[in-house]
Amino acid sequence: MRIFTRYILREVISHALLGGVLFTFVLFMRDLGHILELVVRNSASFTDVLRIFAYLLPNFLIVTIPMAVLVGILLGLSRLASDSEITAMRASGMGALDFVRIVSIFASVALALGLFNSLYLAPHSAAATLQLEESIRNAQASFEVQPRVFYEDFRNYVLYIQDVRPASGAALWRHVFLADLTQPANPNITTADQAIVVSGDSQTIRLHLLNGGRHETSTNDPNQYNISTFASTDLPIQTEAQEDTHLGRSDTPILALPLSELWRRANAPDNNIPGHPARTYRIEVNKRFSYPFACLVLMLVGVPLGLSSKRGGKSTGFVLTILLVFVYYFLSSVGIAFAKTGKLSPFLGVWGANLLFAAAGALLLYQMSRGGIALSLISSLGVSLNKLTTRLFRGRGTSTSSFNIATALRRFRSIFRLQFPLLLDDYVMREYATNFALVLFSFSTLFIIFTFFELIGDIIRNRTPLVTVGDYLINLIPYIIYSVTPLCCLVAVLVTFGALSRSSELTAMKATGISLYRIVTPVLITTLLIAGGLFAFDELYLPAANRRQEALRSVIKNKPAQTFLRPDRKWMSGQSGPSGSPARIFYYQFFDANKNVFANLTVFEFDPATFALQRRIFASSAHWNDRVNQWVFENGWQRTFQGETIASYQPFTLTAFPEIHEQPSYFVKEDRPSQEMSYSELSHYIADLKQSGFDTKRLGVQLNRKLAYPLITLVMAILAIPFALSMGKRGSLAGIATAIGLAIAYWVVDGLFQAMGNVNTLPAVLAAWTPDLLFGIAGTYLLLRSPT
């Protein structure tokens with residue numbers, strides 16, 4: 001019995017670890033880019049990088065530990081059942097409860113780990129994450145400022161600079177424009193030729209300004225205007241608009257509260273807890289216990305389902321895993337949403353999913369020992385699933401085989417009299433296409449499930465119709481397919497060549513004199529076609545689908561319909577003029593894009609060489625006159641300056657300035673995400689925004705990624721082939737584990753280089769293409785060293 005115990009636990013634990021890593025990786029990818037950008041932007045140490053990752057991990061494990069338990073039990077027992085090992089064990093005298101007892105050892109250990117993580121690690125890591133990110137962000141705030149971009153994150157200040165030169169522990173800025181918005185209608189202006197920026201304490205940075213001046217106005221008397229110049233001066237600036245929060249305050253995030261404080265607030269009267277009602281804290285207390293105990297509950301359901309999947313095999317186990325994960329977290333999310341709205345008690349809302357699954361598990365265990373219709377239906381489902389898979393993806397004995405990629409290439413060969421594809425190519429491509437389609441379906445389903453979990457609270461709270469939710473998920477599928485296709489190519493290549501190697505088919509092919517490079521050619525050609533299809537998909541269809549799903553997401557979250565127009569942009573730089581013409585900055589408090597009317601418009605003009613303020617124009621209103629094709633300024637004044645003196649002061653009631661040539665359309669910038677534009681649209685969009693002082697560094701990286709990202713499918717295929725051949729007969733589990741490791745490595749490297757491009761540490765071209773080049777070179781080197 002001890003041998004059976006060790007054998008079953010080893011099978012279950014191996015699948016559980018693999019599933020846990022996969023689910024944690026999927027959740028981690030949403031925050032990876034932000035973390036790496038914070039690290040790159042703020043020059044954090046390697047220790048800080050490890051601390052950030054370590055602090056975020058416990059919050060993900062709260063969800064993924066129960067999921068890993070279910071995956072391990074279902075896939076592990078399904079594998080044993082499909083190979084008739086369960087039948088042999090039962091024939092030797094093992095009963096149904098013996099399997100439950102063995103698997104409960106694993107579930108109990110997972111429960112203990114889950115409780116330790118939920119009650120101790122997760123709260124401490126959440127508090128530590130807040131403190132660490134705050135210290136990194138504030139200590140290195142000067143590195144966030146980018147040239148020719150308006151920076152508005154300082155307290156009561158707007159900053160604009162024309163050049164940045166980062167240095168160790170400091171930064172050097174040239175041509176500095178700083179607006180004090182303590183009085184928004186009449187901002188006080190500071191200009192400087194240079195500024196040395198040094199980080200101060202956790203809330204301030206210190207600016208050492210050189211060769212500049214201050215311009216101060218009076219809100220009560222427009223005739224009063226003060227100018228002062230300086231050779232050097234120091235100016236401290238607060239880096240945050242909000243007061244700092246720390247552990248123990250009423251506004252501390254709930255996740256960071258220790259259990260004792262959470263329990264105190266959960267049992268306190270609502271009027272003694274500002275910010276959150278006691279119900280919110282009661283829900284959180286119950287959540288910290290319910291998710292770990294889900295390990296036992298899911299074990300009760302997983303054991304009978306895994307043991308009964310003999311005829312269905314692994315396919316049944318995989319489908320049941322996806323289905324049960326969806327059902328459990330759907331019920332849990334619905335219950336929590338009802339508890340938050342007061343329709344259910346916190347205990348029943350949080351523990352409802354556990355209670356339902358415990359009842360279902362008890363029923364299935366009873367039927368497993370006595371026989372029942374439920375388990376027979378599940379077993380029949382596996383057989384039907386295998387038949388459906390064969391018909392859809394392999395096309396054997398059906399008409400669908402005439403529509404696969406290999407058939408299309410054979411027709412192409414007959415037209416142009418080429419020697420490709422041959423019968424062997426057809427076989428390899430069919431196996432690869434089948435695996436790719438199955439993996440793509442599986443990963444897309446996982447992403448849809450996670451997305452649904454995130455939105456279930458909003459769906460219930462806002463009473464969103466299911467038709468709207470379904471329409472959103474349908475329009476989300478193209479984006480998911482585009483995102484996971486490279487990973488699917490990686491897994492499909494590993495599984496395909498791993499299976500060929502394990503069944504000795506690859507050895508037979510080589511024995512006939514066919515080179516390895518000739519064997520992998522059909523897979524590489526198919527992957528190249530997929531890469532081209534991804535680019536065409538992104539260019540022709542994906543942007544429109546992304547716009548639709550973004551609009552539907554706003555409906556689900558009860559936000560107003562978004563047009564992505566920003567007519568209320570308060571600061572904007574003018575268009576670039578001829579050499580020697582003054583640089584111009586516009587500041588306004590309101591702009592009506594329909595009537596082309598400004599309110600409280602101020603125009604600043606600077607000497608392009610020294611960035612000294614040469615002229616300042618203010619108008620209480622300004623409108624566009626189509627007949628003269630100019631802006632007409634009303635009720636204002638203009639001042640010109642020479643050094644520290646006012647050269648002229650001219651009030652006006654109605655006037656025009658022909659030298660201000662920006663059209664009304666220039667002030668209406670469409671703020672669209674890069675994924676909602678094609679390559680050509682994004683290229684024109686970036687060129688337009690650059691002239692207006694908008695931050696385009698991220699968009700530049702995304703523009704190059706529109707070319708680099710589809711090609712990573714080919715890079716992943718090249719990289720996967722040597723690993724698939726080196727696995728030998730270790731099975732598909734090793735292939736999937738290898739795929740996860742390679743995918744993690746790629747996305748970390750890709751996220752790191754994207755972050756470096758986003759903060760101007762690397763040019764956009766290098767930031768987008770370097771991951772492809774690095775992994776492509778590594779894959780090509782390993783492939784060339786593989787025995788042919």
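Residues numbered from 1 in each chain as written. Predicted model: local features only at pLDDT ≥ 70, side-chain atom pairs only at ≥ 80, totals over all residues. Heavy atoms only, no water.

### A word on the overall build of the protein chain
Under the convention used in this document: Helix and strand labels come from DSSP, where a helix needs a run of H or I of at least four residues and a strand needs a run of E of at least two; each type is numbered from the N terminus. Burial classification: accessible surface area is computed with a 1.4 Å probe over protein chains only, and a residue below 20% of its type maximum counts as buried, one above 50% as exposed, and the rest as partly exposed. Whether two residues are in contact is decided by their heavy atoms: any pair within 4.5 Å suffices. Exposure was quantified through the Shrake-Rupley algorithm and a 1.4 Å probe, taking into account, for residues, occlusion by the shown protein chains and nothing else.
In terms of regular secondary structure, the protein chain is built from 19 helices and 11 strands. Split into buried and exposed, the 788 residues of the protein chain put 50% on the buried side. Long-range contacts, defined here as pairs at least 24 residues apart, represent 67% of the contacts in the protein chain between residues at least 6 apart. A total accessible area of about 35600 Å² is found for the protein chain, and carbon and sulfur atoms account for 61% of it.

### Some details on the state of the cysteines
To keep things clear, this is the line we draw: Whenever a pair of cysteine sulfur atoms sits within 2.5 Å, that pair is classed as a disulfide.
Summed over all chains, the structure comprises 0 disulfides. The thiol sulfur of C488 is not disulfide-bonded, and the nearest other cysteine sulfur, from C489, lies at 7.1 Å. Overall, the relative accessible area of 0% leaves C488 in the buried class.

### Section: helix α12 (residues 466-502)
What counts is decided by this rule: An expected span of 1.5 Å times one less than the residue number is assigned to each helix. Two axes define the bend at a residue: one fitted to the seven residues ending there, one fitted to the seven starting there, and the bend is the angle between them.
Helix length check: α12 (37 residues) gives 46 Å between terminal C-alpha atoms against 54 Å at 1.5 Å per residue, more than 12% under. Of all the bends in α12, the greatest reaches close to 45° and is centred on V484; the proline P486 follows between one and four positions later. Within two residues after α12, S504 carries a phi angle of roughly 65°, on the positive side.

### Some remarks on the packing of aromatic side chains
Quick note on the threshold: Classification of ring pairs uses Phe, Tyr and Trp, with its six-membered ring standing for Trp, and accepts pairs whose centres are within 6.5 Å; under 30 degrees between planes counts as stacked, over 60 as edge-to-face, and the remaining range as tilted. By the criterion adopted, a ring carries a charge over it if an Arg CZ or a Lys NZ lies within 6 Å of its centre and within 35 degrees of its normal.
Scanning all chains against the criterion turns up 28 aromatic pairs. Aromatic rings pair up to connect F177, W571, Y587, F604, F606 and F611 into one cluster. We note R639 situated over the ring of W637; from NZ or CZ to the ring centre the distance is 4.5 Å.

### Quick notes on a nonpolar patch on the surface
Put simply, the rule reads: Patch definition: residues above 30% relative accessible area lacking any salt bridge, with like charges linked at up to 9 Å and the nonpolar side chains Val, Leu, Ile, Met, Phe, Trp and Tyr linked at up to 5 Å. In the sections that follow, a salt bridge refers to a side-chain nitrogen of Lys or Arg positioned within 4 Å of a carboxyl oxygen of Asp or Glu.
On the surface, I105, V109 and L113 cluster together into a nonpolar patch covering about 270 Å² of accessible area. Assignment of secondary structure puts I105 in helix α4 (residues 96-139).

### What to know about the side chain of Q638
Using the following cut-off: Any pair of nitrogen or oxygen atoms within 3.5 Å is treated as a polar contact; in protein, a donor-acceptor pairing is required on top of that, and neighbouring residues in sequence qualify only through side-chain atoms on both sides.
Following the sequence through the fold, Q638 ends up in strand β10 (residues 630-642). The exposure class assigned to Q638 is buried, which follows from its relative accessible area of 11%. In terms of polar contacts, Q638 uses its side chain to reach the side chain of R615, at 3.2 Å. Polar side-chain contacts of Q638 include one of 2.6 Å to the side chain of Q650. Those residues in contact with Q638 that lie beyond four places of it in its chain are R615, R616, I617, S648, Y649, Q650, F652 and F657.

### Digging into the environment of I322
Locating I322 in the fold gives a position in helix α7 (residues 314-341). Once the C-alpha coordinates of I322 and M67 are considered, the two residues, 255 residues apart in sequence, prove to be 9.7 Å apart. Leave out the neighbours within four places in its chain, and I322 touches T445, L446 and I449.

### Considerations on the pairing of strand β7 (residues 583-592)
Along any regular strand the residues' side chains alternate between the sheet's two faces. We count it as follows: Two strands are counted as paired when DSSP detects at least two bridges linking them.
Taken across its 10 residues, β7 has 7 buried, putting it largely inside the fold. Where β7 lies against strand β8 (residues 597-606), 9 bridges are found, and the strand directions are antiparallel. From the neighbouring strand, F590 faces β8, where its bridge partner is A599. Counting the residues that bridge the hairpin from β7 to β8 gives 4 residues, and of these N596 lies at a positive phi of roughly 55°.

### Remarks on unusual backbone geometry
A positive phi angle, close to 55°, is found at N596, a residue other than glycine. Among the structural elements, N596 can be located in the loop between β7 and β8. Of note, F611 is a non-glycine position whose phi angle comes to about 60°, a positive value. For F611, the location among the structural elements is in the loop between β8 and β9 (613-625).

### What about the sheet that holds strand β11 (residues 645-656)?
Quick reminder of the rule: Note on geometry: axes are lines fitted to C-alpha atoms, helical ones only across the stretch in contact, with angles between N-to-C directions running from 0 to 180 degrees.
Read from one edge of the open sheet, 6 strands run β6-β7-β8-β9-β10-β11, paired in antiparallel fashion. The strands lining the two open edges of the sheet, one partner per strand, are β6 (571-573) and β11. Within the sheet, the average angular offset between the axes of one strand and its neighbour, ignoring direction, is 15°.

### Focus on the nonpolar core
Put simply, the test is: The definition of a nonpolar core used throughout is a set of buried Ala, Val, Leu, Ile, Met, Phe, Trp, Tyr and Cys residues joined through side-chain atoms within 4.5 Å.
By size, the foremost hydrophobic cluster in this structure holds 60 residues, and its most contacted members are L490, V493 and F497. At 17 residues, the largest contribution of residues to this core is made by α12. Sequence-distant contacts of F497, that is, excluding residues within four places in its chain, are made with I519, V520, V523, I721 and A724. I52, L56, M67 and A353 belong to the second largest nonpolar core, which has 38 residues in total.

### Topic: the environment of W769
Among the structural elements, W769 can be located in helix α19 (residues 764-785). Between the C-alpha atoms of W769 and A708, which are 61 residues apart in sequence, the distance is 5.8 Å. Not counting residues up to four positions away in its chain, the partners in contact with W769 are N704, L707, A708 and L711.

### Considerations on the packing of helix α17 (residues 697-726) against α19
Stated formally: Convention used here: angles under 35 degrees read as roughly parallel, angles over 145 as roughly antiparallel, angles from 65 to 115 as roughly perpendicular, and any remaining angle as oblique. Here the nonpolar group is Ala, Val, Leu, Ile, Met, Phe, Trp, Tyr, Cys and Pro; Asp, Glu, Lys and Arg are the charged ones; every other residue, Gly included, is treated as polar.
In the contact formed by α17 and α19, the axes pass within 8 Å of each other and the chain directions differ by 10°. Classified by the interaxial angle, the pair formed by α17 and α19 is roughly parallel. Taken together, the residues of the contact of α17 with α19 sort by class into 20 nonpolar, 5 polar and 2 charged.

### Structural notes on the side chain of Q549
Locating Q549 in the fold gives a position in helix α15 (residues 542-556). Setting aside residues no more than four positions away along its own chain, Q549 makes contact with Y472, N475 and L476.

### Details of the confidence of the model for the protein chain
Let me state the cut-off plainly: On a scale of 0 to 100, pLDDT captures the predictor's confidence in every residue.
Model confidence for the protein chain is summarised by a mean pLDDT of 77, while 77% of its residues fall at 70 or above. In the model, residues 393-403 has pLDDT below 50 throughout and makes 17 contacts with residues more than four positions away in sequence or in other chains. Scored below 50 in pLDDT, residues 561-568 shows 18 contacts in the model against residues more than four places distant or in partner chains.

### Things to note about helix α11 (residues 423-461)
Between its first and last C-alpha, α11 extends 57 Å over 39 residues, near the 57 Å set by a 1.5 Å rise per residue. Of all the bends in α11, the greatest measures close to 45° and is centred on L455. In the stretch just after α11, R463 is the one whose phi turns positive, near 55°.

### Quick look at the pattern of salt bridges
Tallied over the entire structure, the rule returns 12 salt bridges. Note that E284 and K287 form a salt bridge whose closest N and O atoms lie 3.9 Å from each other. Of the two residues, E284 and K287 both sit in helix α6 (residues 278-307), 3 residues apart, roughly one turn of that helix. Relative accessible area serves as the criterion here: at 23%, K287 is assigned to the partly exposed category. Measuring nitrogen to oxygen at the nearest pair gives 3.6 Å for the salt bridge that ties R584 to E662. One end of the pair, R584, is in strand β7; the other, E662, is in the loop between β11 and α16 (679-690), with 78 residues separating them in the sequence. Under the relative-accessibility criterion, E662 is labelled buried at 0%. Each of the salt bridges in this network shares a partner with another, and the network as a whole consists of R584, E605, R615, E659 and E662.

### Looking at the environment of V484
One can find V484 in helix α12. On the accessibility criterion, V484 (3% relative accessible area) is buried. Setting aside residues no more than four positions away along its own chain, V484 makes contact with L440, F443, S444, F447 and Y709.

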